[in-house]
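What follows is each chain in one-letter form.
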Amino acid sequence: MKLETAIHEAYQKLKNNNIKSAMLDSELLMANVINKSREFIILNLDKNIDKKDFDNFQNMVSKREQGQPLAYLTNKKFFWKYEFFVNEHVLIPRPDTEIIIEQVLKIFKFKNNINFLDIGFGSGCILLSLLKERKDFRATGVDISNHAVKVCKINAKKLGLKTRLKLYNSDIDKFKFGKYDLIISNPPYIKNFDIKYLEKDVKFEPKLALNGGLDGISEIRKVIKKSSELIKYGGKLILEIAHNQKKDVKQILNINGFYINSVVKDFSDNDRCIISTKLEN
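Thresholds applied
- Residues numbered from 1 in each chain as written.
- Predicted model: local features only at pLDDT ≥ 70, side-chain atom pairs only at ≥ 80, totals over all residues.
- Heavy atoms only, no water.
- Disulfide = S-S within 2.5 Å.
- Buried < 20%, exposed > 50% of the residue type's maximum accessible area, 1.4 Å probe, protein only.
- Pairing = 2+ DSSP bridges.
- Helix = DSSP H or I, 4+ residues; strand = E, 2+ residues; numbered from the N terminus.
- Axes fitted to C-alpha atoms, helices over the stretch in contact; angles between N-to-C directions.
- Contact = heavy atoms within 4.5 Å.

Draft legend 1. Structural view of the state of the cysteines. With the rule as written, the count across this model stands at zero disulfides. Unpaired in this structure, Cys 125 has its nearest cysteine sulfur neighbour in Cys 152, at a distance of 9.0 Å. Since its relative accessible area comes to 8%, Cys 125 is described here as buried. The thiol of Cys 273 is not disulfide-bonded; the next cysteine sulfur, from Cys 125, is found 13 Å away. The class of Cys 273 is buried, set by a relative accessible area of 1%.

Below, the structure is given as structure tokens:
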């Protein structure tokens, strides 16, 4: 069978199952199966696919039909400027989260030797992207998931950053190492009740990385409280939040001695990121 026929059949199946990016996903799955680039696929549609590869492709298409995210099927996700290894134990990096990278680079443009902490680092996409951008930054990461530690170590090795970071497998409540110029976090912020209404793809992601408790801000509250102990006076705390949490999160930050610098919107014009400064104990 020719690549074109196999891809077209996959496209029809995915389209019939309401997968929005049916053609792109079909091409990327094929590229992954035969270990070539998507460009190669598009330029070589008349080439034949052997039976073993075709069976593997069919199997992956079937999983994608059921809603399994493309990133988990290919174990790849592009974020900022780099390709990250991901699996079903870590949250899939989102373009909106790149806002954190942009803000950190802007705020610390003229400051050197920044020592920062990433709470709930997952795949490591945020802290590793920052380390790639700034050679003088040093990072510490803490995550409750030992799977996240394994995934982040794979990505750190891939990007040549193993020597510039320390990773801890711990609940943030129990973490007490160091004082930081900057703390960043993309904590779980979806209300417990809302998880069952998420899009099909998102339901495959780890609940640990999504569940923000009954009110959606229980993990954010923990992060802010602990950050107030771990951050230096004048240090910055940058948090990703849900579009409707600005008021509540601002209040928690104020109670814990943080001054709100700004709230940054995402590409859909929703509140996405709160930048604050530690001013009092």
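Following the structure, the description resumes.
Draft legend 2. Expanded view of the sheet that holds strand S5 (residues 165-169). Within the open sheet, the seven strands sit side by side as S5-S4-S3-S6-S7-S9-S8. Their pairing is mixed. Whereas interior strands pair on both sides, the edge strands pair on one side only; in this sheet they are S5 and strand S8 (258-265). Direction aside, the axes of adjacent strands within the sheet are offset by 15° on average. Two elements, strand S3 (residues 115-119) and strand S6 (residues 180-185), share four bridges in a ladder whose sense is parallel. Across the sheet, the residue bridging to Phe 116 is Leu 182, located in S6. Against the sheet, helix H8 (residues 146-158) contacts strand S4 (138-143) and S5, and its axis sits at roughly 160° relative to S5.

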